[in-house]
Amino acid sequence: MAKTVTGFVLIADISGYTMFLSGSELEHAQEILQSLLELLIENTRIPLIISRLEGDAVISYAPQESILQGGTLVEMVESCYVAFRRAIELMVLNTTCTCNACRNIPQLDLKFFVHHGTFGLQKLPAYTELVGKDVNLVHRLTKNHVREKLGFQAYTLYSAAAVAALGLQEQAGDWRSLVESYEHIGEVEVVVQDMAPVWAQQKEKSRLMVAPKQAMLIIEHHFPVGPVHLWDYLLKPELRALFIESDTAEAHNLRRGRIGEGTVYQCAHGSMVHPQTIVDWQPFTSHTILDELMGGVTSYITYRLYPQGDGTRLEILVGPVLERNPIRRIAAGAVLRFLWRFMGPRGVRRLRARIEQDMAEGISAPAPPPLIDVSAIRRSIDAALRQAPDGFLEDTEKSDRIAS
């Protein structure tokens, strides 16, 4: 009997597939597609849980209570897309092969489809099947008029239900609206984010981080949740207040309601309020803040997250005090070391206690996604190949017979 869940369904679907396979050599086409599917699997992180592979697509889901901030799901999709585009670019740069498959790599791209609703989880021997009308709907949404009407090659399509459940109404103002119509379903309102600008921005972006050799202090802690969840606990204002031991923490200068580079936290400690500005933003991997201390003294602090066992290792690199006056610099450095070494652990204990409470209530750290073995990836690739242009399948079967 299927377990009923309210939450999100996400499909990551490789596009440009028909053009890629047209005239491509089997061996290299399989290698390329396997590498890209493995990358999609690697970047489908908790709280998203992989349901199964379907041809050239990865289908995943997340219970509603496991998403602490709606913008986090957007960040997960964008991060996955950036990783995909980097992989494509590296494949093109690093190959000297002139076969059709390798020449057609630039034709590949990625689309995402996100919907919110109620669905059943049906446990099967090899995977967890998602069933229900909302699952049918998100699959129907993969057949749409985005490319014809908007001209987007790579995009994320959110149903209106997903936008409402994620609280993305403000951010969706930057995206394009469409109404799709389907037999037996009727009209479905969607919003579409063009992913090309996401990649263009990240491709040219320079990094601002505190390097270990520059840090005046390096602190490490382990937390019993994955990087995506810990990211939220560090950055959601009311949870950040627990970690830095402030009375309150308010986030200002948001991008369409979304925390990111340029966001300024106003952290209140009694009557004193000092700002912390995010100056570097690499979702679920690292972020750097410019911390303004008393008297206008500043320091960069980089937070780096590393998956470790069943949790995450947090590395905090505290940069040197940025102050020309040597006396003020030495004094501020001493204060900063004291705060991190002696008061910082209290904030860590408070945040860890909150995480453990949420875990006990089932809010954080859902069960890890099932392992997708190589045979499952190969079966998925084989299913995708069977949708290839005329003549390719015959060449595939012939090559398989030769190889065996």
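So, how was this worked out
Residues numbered from 1 in each chain as written. Predicted model: local features only at pLDDT ≥ 70, side-chain atom pairs only at ≥ 80, totals over all residues. Heavy atoms only, no water. Phe/Tyr/Trp six-rings, centres within 6.5 Å; stacked < 30°, edge-to-face > 60°. Helix = DSSP H or I, 4+ residues; strand = E, 2+ residues; numbered from the N terminus. Buried < 20%, exposed > 50% of the residue type's maximum accessible area, 1.4 Å probe, protein only. Lys NZ or Arg CZ within 6 Å of the ring centre and 35° of its normal. Contact = heavy atoms within 4.5 Å. Pairing = 2+ DSSP bridges. Axes fitted to C-alpha atoms, helices over the stretch in contact; angles between N-to-C directions. Core = buried A, V, L, I, M, F, W, Y, C linked by side-chain atoms within 4.5 Å.

Quick notes on the packing of aromatic side chains
Summed over the entire model, instances satisfying the criterion amount to seven aromatic pairs. Relative to Trp-281, the ring of Trp-231 has its centre 4.9 Å away and its plane inclined at 65°; by these criteria the two rings are edge-to-face. With a gap of 50 residues between them, Trp-231 in helix H9 (residues 227-235) and Trp-281 in strand S12 (residues 272-282) connect regions that are remote in the sequence. Trp-281 sits in the buried class, given a relative accessible area of 6%. Here the aromatic cluster, defined as three or more aromatic residues joined through ring pairs, consists of Trp-231, Trp-281 and Phe-284. In this structure, Arg-240 packs its charged tip against the face of Tyr-265, placed 4.8 Å from the ring centre. The side chain of Arg-313 reaches across the aromatic face of Tyr-306, ending 4.3 Å from its centre.

Comments concerning the environment of Leu-130
Within the element layout of this structure, Leu-130 appears in strand S5 (residues 128-131). Taking relative accessible area as the criterion, Leu-130 reaches 6% and is therefore assigned buried. Once the C-alpha coordinates of Leu-130 and Val-5 are considered, the two residues, 125 residues apart in sequence, prove to be 9.7 Å apart. When neighbours within four sequence positions are excluded, Leu-130 is seen to be in contact with Val-9, Ser-51, Ile-59, Ser-60, Tyr-61, Phe-119, Gly-120, Leu-121 and Val-135.

What about the sheet that holds strand S13 (residues 286-292)?
Strand order in the open sheet formed by seven strands is S9-S15-S14-S13-S12-S11-S10, with antiparallel pairing between adjacent strands. Each edge of the open sheet carries a strand with a single partner, namely strand S9 (217-223) and strand S10 (248-252). In this sheet, neighbouring strand axes are inclined to one another by 25° on average, regardless of whether the strands run parallel or antiparallel. Pairing of S12 with S13, which is carried by six bridges, proceeds in the antiparallel orientation. When the sheet's bridge partners are listed, Asp-280 is paired in S13 with Thr-288.

Quick look at the nonpolar core
Among the nonpolar cores identified, the biggest contains 89 residues, and Tyr-158 and Phe-243 are the most heavily contacted of them. Considering every element that reaches this core, the biggest residue donor is helix H3 (residues 70-94), with 11 residues. Setting aside chain neighbours within four positions, we find Phe-243 in contact with Phe-223, Leu-234, Tyr-303, Leu-314, Ile-316, Gly-347, Val-348 and Leu-351. One finds Ile-49, Ile-59, Phe-119 and Val-138 within the second-largest nonpolar core, a separate group that totals 25 residues.

Side note on the pairing of strand S4 (residues 109-123)
Most of S4 is tucked away, with 12 of its 15 residues classed as buried. In this sheet, strand S6 (residues 155-159) lies alongside S4 in parallel orientation, the contact comprising four bridges. Residue Lys-111 lies in a different strand from S6, and its bridge partner there is Tyr-155.

Note that every value here comes from positions in space, so none of it alone points to a role or purpose.
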